[in-house]
Amino acid sequence: MERKGIKTTTYSLDWDTVMNLESRLLRDFKTNRTKHGARALLMVAIGVRLGMRVIDNLLLKWEDLLHLEVGERFVRIEQKTGKERVLVMSSKLKEVLEVVHEACAPNSAHY
């Protein structure tokens, strides 16, 4: 992206690094079930498993995801671009959602 003569770049993480981070966050959450830990775990898991921007992650409600089965597709409209995205529930994301939901028992209408 270029802004008035300033070039910025993004750096990607390799998949093994991301999976290691997700695994460590899940392990830590299972040991110490805090809201902060739940939020960090969900942001990483949803972000990497669905490939969504943070703003789109923040717009998800529990009811948007809890009823989905592994392999089930669902559609979201990207906040930034307005484009329709077809997403698929993965087994790992389903596991993370169930662990956090069981521990925190959030209202299904909450973000």
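Notes on the structure in this doc start here. (Residues numbered from 1 in each chain as written. Predicted model: local features only at pLDDT ≥ 70, side-chain atom pairs only at ≥ 80, totals over all residues. Heavy atoms only, no water.)

A count of helical and extended segments in the protein gives 5 helices and 4 strands. Counted from the first residue to the last, the protein has its helices and strands arranged as β-β-α-α-α-α-β-β-α. Projected onto its principal axes, the C-alpha coordinates of the protein cover approximately 50 × 30 × 25 Å. In the protein, buried positions account for 29% of the 111 residues. The contacts of the protein with a sequence gap of at least 6 include a subset with a gap of at least 24, amounting to 54%. (Helix = DSSP H or I, 4+ residues; strand = E, 2+ residues; numbered from the N terminus. Buried < 20%, exposed > 50% of the residue type's maximum accessible area, 1.4 Å probe, protein only. Contact = heavy atoms within 4.5 Å.)

Our next topic: the side chain of Asn57. With respect to the helices and strands, the residue Asn57 is situated in helix α3 (residues 54-58). Not counting chain neighbours up to four residues away, the residues in contact with Asn57 comprise Met43, Ile46, Gly47 and Met52.

So, about the environment of Glu69. Its place among the elements puts Glu69 in the loop between α4 (62-65) and β3 (73-77). Separated by 25 residues in the primary sequence, Glu69 and Lys94 have C-alpha atoms spaced 7.7 Å apart.

Before going further, it helps to examine helix α2 (residues 35-50). The terminal C-alpha atoms of α2, which comprises 16 residues, lie 22 Å apart, in line with the 22 Å expected from a rise of 1.5 Å per residue. Listed as buried for α2 are Gly37, Ala38, Leu41, Leu42, Val44, Ala45, Ile46, Gly47 and Leu50. Once α2 finishes, Gly51 follows within two positions and takes phi at roughly 70°, a positive value. (Expected span 1.5 Å × (residues − 1).)

This next bit is on helix α5 (residues 91-104). Taking 1.5 Å per residue as the helical rise, α5 with its 14 residues ought to reach 20 Å, and the 20 Å between its terminal C-alpha atoms agrees with that figure. When we look at burial in α5, the residues that qualify are Leu93, Lys94, Val96, Leu97, Val99 and Val100. At the C-terminal side of α5, Ala105 shows a positive phi close to 45°.

Following both chains from N to C, one finds helix α1 (residues 15-31) and α2 inclined at 150°, their axes separated by 9 Å at the closest point. As far as their axial angle goes, α2 and α1 are roughly antiparallel. Of the two elements, α1 crosses α2, and the hand of that crossing is left-handed. Contacts from Trp15, Val18, Met19, Leu21, Glu22, Leu25, Leu26 and Phe29 in α1 reach Gly37, Ala38, Ala40, Leu41, Val44, Ala45, Val48 and Arg49 in α2. (Axes fitted to C-alpha atoms, helices over the stretch in contact; angles between N-to-C directions. Parallel < 35°, antiparallel > 145°, perpendicular 65-115°, else oblique. Left-handed = near helix turned anticlockwise from the far one by under 90°.)

Okay, the pattern of salt bridges next. Within the structure shown, the criterion is met by 7 salt bridges. Glu78 serves as the salt-bridge partner of Arg53, at 3.6 Å between the closest nitrogen and oxygen. Note that Arg53 is positioned in the loop between α2 and α3 and Glu78 in the loop between β3 and β4 (84-88), a separation of 25 residues in sequence. Classification of Arg53 by relative accessible area gives partly exposed; the value is 35%. One salt bridge in this structure joins Lys92 and Glu95, with 3.5 Å as the shortest N-O distance. (Salt bridge = Lys/Arg side-chain N within 4 Å of Asp/Glu carboxyl O.)

Distances and angles like these do not, on their own, reveal function.
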